[in-house]
Amino acid sequence: MDNYQQLWQEVQQVVPGSVLQPATLQLELEQYRNKLLNLFQNKGPQQSLRQQVAQGRVQTPNFGEVALDYDPDQLRVTELTDKLRLDEVTCVELLTFAQEMWGLASLEAAFGVHLAERLDAAKALSRLLTLQLVHQLEVGTAGEAEDLDLDAGGAAGNGISVSLAGLMEQQPLLGVVVRFNESLLREVHNGRNQLISRLIEVIKDHTLDSLGQSFPIALDRYGGAANSTYYINQERCELCKALLYAVVLSPVPLTATSLSELLQLLEGMAAKVKASGPNASHSLIQQVTSCLLAVVAGLSLGNAAGGAPRPSAAIAQLLRAPELQPHLQQVAKAEDSFAAVVALAWALTREALSSNRAGSINNTGVGALSPSSGAGSNTDAGGAAATPSALLEAAGKARALGMLAGLLNSVAFQLEEEEGHKHLCARMVYRLLTEMLEFDVANKRELTETLIKASKQHMEKGTSSRATAPMLPLPPPAATAAAAPGIPANTQSMALVPFGTSAAPPGQQAWGHGHHGHGGQQQAGRDDLSSLLDALAAVFRVRPGLWYDGEAPEAYPHVSSFMSYVAVHPAMQIPDVRVSFLDIMTSLAAGPRGSRFILLQFRTNAASSELEHFTWRKLFQSVVAYCRRYEDLEREAAAAGATVMATGLLAARDDALMAHGDAALLVAYLELLSKVIDEGAEEEVRAALQALEREVSPVLGGLPLYEPLFQLMCHGVPSAVKAAVNRTLAALGRFKELAPRLLERLLMAAVVSTPQSAMEGYAGLPRFDLVAQINEVEARQEEYGETLAFLQLVNRLITTLGPTGLPAGGAAVSHYTQLVLQYVVAHLWQRGYRDPAQKWHLAAACFKHCQLALAALATCPPLTPELLARPPPGLAVLLSLMGGRQLERALLQHVLQPGWEELAASMEAGNEGLPRQAAALEGLKLLNAALEVDQQAAEQLAALGARERPTPLHQQLINPQRRLAVMLQYVMYPDTSIQLEAVKLLSQLSARLPNIVALLQPNFDDTAAIAVCQGFAQTLELALLDPAAGESVTSGVMAMKDAAGGADSDGSRSSSASDMRAELLLDVMLGTLRSYPAPCLGHLLLGFDTTAPPSDWYRHSLATQLDFTCMTVLLRVLQVAGLQQEKPVLYAKCLQLLYTIAADPLTTEPVFRLLHPQEPTGVLLPGLAPLLLEPLPAVAGDSDKAVHAQVASLRQRGFLLELYALTLLRCNDNSMLEPVISSLLEPASQDAILSATSPNRYGGRGDGRFQQGSAAGFGPYSTSSPPAALVSLQLIREAVSLHEPSLKDLPSELLQLQQDMVVDDISVAALLSQTAAMEQCGVVALDDNGQAVFDFAVLQQLLHERYEEYVSKTGGRGGPGDKLARDAVVAAFMYAQQVNAHALLTGAQKAAALAWIHAIEMTFAKCYPLVNSRVCPGCGPELLHSFLLGVLAIIKILAARHSSELAELLANSCRVLLGKLQELASSSLSLGLPGDPLSQVRLPVRCLALLRLLLDCLLGSGSHRGLRCEMYVALLQYLHFCRGSKLS
């Protein structure tokens, strides 16, 4: 074993702010240098090692000497060696590692270790190269190559840009990585780039693929069964990425042998893709994409990583190498689209070499190209067939541009997690396109004219280059239906007139973005102008910064010039060309910056007659013109007696009303408009729309801007246009002031076969019937884009209005909900689909609508028989779910019942994965939302005596039995949002099903229960430890930028989905352990054998190695350094959970066997002791975040000290107790003492010392350092001391107003201060720790009622009493917040102090003999005396702060310590020893110091009777002690 797991862990720590030292990282990397250069090379089986195995003892590098029995050890080693073809020592280590990790040395476990180690190696190498690559791309290295030495091959220097060198100085870890990468990439062996050639060999090696029959499964890192194919595919994807990065970053050109191997690898992968056809897996597409771009990088002169360009002489010599000629001859034929891309890159490189421009090529590989005829040197392969012109012609015929666009648009590319990888791919494609445009300029736009000619030919033949990408499965257009073919010959475009023919001045900017589908066309035979525009749109869709951010400034003039040339070219009459051009605009309209750019560009276009076709004015003129044309034709048809269909369609004439090309253009314009509205800054977009409405007011006739869109919706336009209209209206729905008007207008336009009475007042308005549309039109076409867009429009409007924005529970949209339930969901799985992914899009939209309907139940009136006859949307959804109707079948049977494994399988190939994942997520959200209200609805229906008695949802989830486990196992799906919903589902079901454990293991079969347990343990580990956080290098770079730009004022981070998952899951376990008898869900998740009787649990040990459970995660989490500061609340809950399960008499024995193993070094608590000495969080003031940080830190200490006390009480093994007690009594560090005694951070001052005696000698302990336990108490005392709030602190006028704001004889002041009123209104609740606090949800409702009541009596909103009432409510909220903060802090402080008392009392009571004999031999009395002085000093300070309750708690412990001294004195006399246990302490120190502190505490106790009583008792004890015994 090469232990690549350690390398992967080290590499993950290379992030800004890491504690990893550069020297440590350098040493670690050097150990792996040769291993990475010879990746996965193994000597194979050896006879000498086989003999060692037969002898039963094998010496291994990682585990020393390993003893092997014949059966099964030696047999397993031999079998593993023969199958994996590894040497025997490696196999012994694999089996030994599996035994240590899982307690299981099986062949499957060893194979899993082997696969995981290989994957770790691939990820580590890929990440090492990515770290350098992404930082080079992010720091903006373009244009800096001139600062480097370009002589001697250019890259013979260090190949590091000036910006990257500066960044390496700021981040030393990055410098170590870059220098290590350089050393790897410079290695050349036997004419090969060693790392690159080795990567190619490993990728081509398919030995592991053939082991499927020998090892059908492998154990994963959690001990569960995993498919070995997953590991192999992931490994190969990472290796292909590493190959791409290595080629791009290589400081030396590839050797001919390496490039030949790379071309051969690409040929093999391309053949696999062609053989797989549309079923090619996403992992294969990702691999071939990386390999293809690696070939392009190897052939190119430019450097896509922003470094120095490669020397032209070396590249020219490379292309003439004999080894490459067979491959290049094959490329020149361009028999497929992959070869076509290589031919394109080769042609551009040959052109650059022939025109002698290599010296000017900069970071993007683009330079000033001198005019050339395009004829290059014929000295390399292919002869005349390999000239740049011939290669470009071959590439065009094989659709190279279509392939580039297809790769960037593919689902496989969307599934890439690393944004830096996407950035690199887009940048490389962009470099290739700009080189092509530069070539075009040098040849007087001959290439562009050729592409335009091809577009015209396609238009005449009714074909399109935009139908699909060649040989590559592309995603369906996101929520876009298919447009029809281009305009047939001799057909005029009615609305969108052709452009002018004059050329734009050079350098005039053009624009860009969008993504549309164009189905129904035949596939074109070659690239055309649309192909080039589509490729640019795909690039900008991935990385708009290539246009905006100056990432490629040299490319900008070429692209801008091309766009400006095309924008006013007559080719814009071709619909496909103009649609592709609009796609580029839509791509660039990303975010507020892109939206602002498009708005400015269209405003500029409006002043130019040549660009009138690219204005919003032209768009709305066209929409109005079409509306009038449809109205005229419908009137003509009605006058002639023809039938006008209910949907607004004209029978047999709808195809002639709008040309297919116009439909595609209209869709593209509307998509651009909706993108601009959706992603722009709200104020900017609002101002632009208002200006546009004024501009087109003459055309609109004074109507709102959205009116022609609604009218167009109601006419018989193609479904794709209607869908685009709906999406545009949905974008307008983002404005709160506009949403009510849009919904009102929508209710007039779109109807659902409602009774005639419901249409009163709508006469004369155009409308269409949704039911007829979906059943008569879309069902025949098997395209449901319009219905999908309509649902998204309704959902957007309801979302903007909010849950309370629809009165009467949303009755106004109840017919839309009925449409969803009866006509969409009910037939979702019976309809045919041209694109199967559309089914899942529809399901997700329907589930989202049902969630919004349930939220509207907040405004639903009380349930009555009349309301039940016409239920509002939320009630209709509940009845459909609870009654087993259409929605229940669609949700549970079709979407969720197949389970997470089938969902994961759908992500491996095809285009259904992402929409299916979205449907599953929305389905889980709907299920959780319904579970919050279904019980109440069932009770109301039962009370109403309704004939229909639907059952609560949890009853349906347990019938059939398997369904419950299937739903909960969604927690294993690798998506954070789905995992969160699964945890929420568990939380709700655990509260409803006390017998959930029995339901999960029917007939004591715990197979499903184990899977659920393992799944939630995995989620808990991911949420708490988040090992994937470091996997995205791009996220680390962005985090560095955010940190430089400033974070929150207190440096804290907002709660994430991971935090929510962990907190919910911990709360579930804590809640069930407290509330339900054993065995409960908490016991199951923590790994107890719930199939055995609880009375036998003490006999069963918790096998956290063999079984991966939440207990395994807890033990790992508690030992992670720094987690207590990073996630203080969650860390405190982990300690609380561990204490809760350890304190339960039923489970205490197995837990203590786990916490206190046989080896004393394995005891957990001493390792957690530093937590007690950490300073409290450094926060400013008494803000809410500051208080919660303090509370969490105090809770951590409290539960840890309770674990100490429990351990000291339950454990009787002195060897286990000794390290625990030592961690409490050992001297504290100077840093901890300074933190506890320095002036505190909150405006007060510490004491500067532990009062008299705290620094007394402790025998073997330091004479200047107090014990750690005393320092921890001092830190607990140092918590923020908040003044207890009082209503009397409010201004008198606000206090009087709060007393006047009354409802039901209870004022605001009474709600906040009178116990009876609080209990009556339920405004006070208990938090998770039993602390009484204000419930803000209830308080908000009560204050709102009193505000509305008061305002109604004083002139209404805006009246004279409105502002004062608002101020009074705000003051009430602030007061409640202060009360909560004070209660939480004092409660946590008291709990921590009480836990400290328990631990110390157990130390000096039960464990005193061990303290005085082994921990601190002979110094027990001195320790007692020191603790007594320290506690009294703290009591004195607390009494002065008026913290009498906390002081009283500590005073009780003083009595215990004094009592122990008296006990020691008595026992000493009875044994004939000196009566004074403190005889070695000088008398004045012993007597006067104690007496002085006791009297000071007594005087400072003031009026607190409890504290005074405790101190009087302590004083009396002291006097008895000093008086001595009569026997003495």
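Residues numbered from 1 in each chain as written. Predicted model: local features only at pLDDT ≥ 70, side-chain atom pairs only at ≥ 80, totals over all residues. Heavy atoms only, no water.

Now for the pairing of strand β1 (residues 57-60). With burial as the criterion, only one face of β1 is covered, namely that bearing V58 and T60; the residues R57 and Q59 on the opposite face remain uncovered. Pairing geometry for β1 and strand β2 (residues 64-67), over 4 bridges, is antiparallel. Counterpart to T60 in the pairing with β2 is G64. Linking β1 to β2, which pair antiparallel, is a turn of 3 residues. (Buried < 20%, exposed > 50% of the residue type's maximum accessible area, 1.4 Å probe, protein only. Helix = DSSP H or I, 4+ residues; strand = E, 2+ residues; numbered from the N terminus. Pairing = 2+ DSSP bridges.)

Given a rise of 1.5 Å per residue, 15 residues ought to cover 21 Å, and the 20 Å separating the end C-alpha atoms of helix α5 (residues 70-84) matches this to within 8%. One or two residues past the end of α5 sits R85, with phi positive at roughly 60°. (Expected span 1.5 Å × (residues − 1).)

The next point concerns the packing of aromatic side chains. One pass over the full model with this rule turns up 17 aromatic pairs. An angle of 25° between the planes, with centres 5.1 Å apart, marks the rings of F581 and F614 as stacked. On the criterion of sequence distance, the pair formed by F581 in helix α25 (residues 575-588) and F614 in the loop between α26 (591-605) and α27 (616-639) is long-range, its members being 33 residues apart. In terms of burial, F581 and F614 fall into one category: buried. Ring centres 5.3 Å apart and planes at 25° place the aromatic pair F1088 and W1097 in the stacked group. For F1088, a relative accessible area of 6% corresponds to the buried category. Of the residues examined, W1097 reaches a relative accessible area of 1% and is grouped as buried. (Phe/Tyr/Trp six-rings, centres within 6.5 Å; stacked < 30°, edge-to-face > 60°.)

Before going further, it helps to examine unusual backbone geometry. A cis amide bond links D71 to the next residue, P72, at an omega of 15°. Turning to its location among the elements, P72 is positioned in helix α5. Each neighbour pair has its own omega, and for A1078 with P1079 the value is -5°, a cis peptide bond. Its location among the elements puts P1079 in the loop between α51 (1057-1075) and α52 (1081-1085).

What follows is about the packing of helix α38 (residues 837-855) against helix α40 (residues 873-882). At their nearest, the axes of α38 and α40 sit 7 Å apart, and the two run at 120° to each other. Our classification of the angle between α38 and α40 gives oblique. For the pair α38 and α40, the sense of crossing is left-handed. Each of C850, A853 and L854 in α38 lies in contact with α40, whose residues at this interface are P873, G874, V877 and L878. For the contact of α38 with α40, a count of residues per class yields 6 nonpolar, 1 polar and no charged. (Axes fitted to C-alpha atoms, helices over the stretch in contact; angles between N-to-C directions. Parallel < 35°, antiparallel > 145°, perpendicular 65-115°, else oblique. Left-handed = near helix turned anticlockwise from the far one by under 90°. Contact = heavy atoms within 4.5 Å. Nonpolar A, V, L, I, M, F, W, Y, C, P; charged D, E, K, R; others polar.)

Turning next to the side chain of D527. Mapped onto the secondary structure, D527 falls in the loop between β8 (522-523) and α22 (529-542). Judged by relative accessible area, D527 falls into the buried class, the value being 2%. Separated by 3.0 Å, the side chain of D527 and the backbone nitrogen of A400 make a polar contact. Polar side-chain contacts of D527 include one of 2.8 Å to the backbone nitrogen of L401. Ignoring anything within four residues of it in the chain, the contact list for D527 reads A395, G396, R399, A400, L401, G402, L451 and A454. (Polar contact = N/O pair within 3.5 Å; in protein donor to acceptor, adjacent residues only side chain to side chain.)

Two cysteines form a disulfide when their sulfur atoms are joined by a covalent bond. According to the stated counting rule, one finds 0 disulfides in the structure shown. Here C1013 stays free of any disulfide, with the sulfur of C1110 as its closest cysteine sulfur at 6.0 Å. According to the relative accessible area criterion, C1013 is buried, its value standing at 5%. (Disulfide = S-S within 2.5 Å.)

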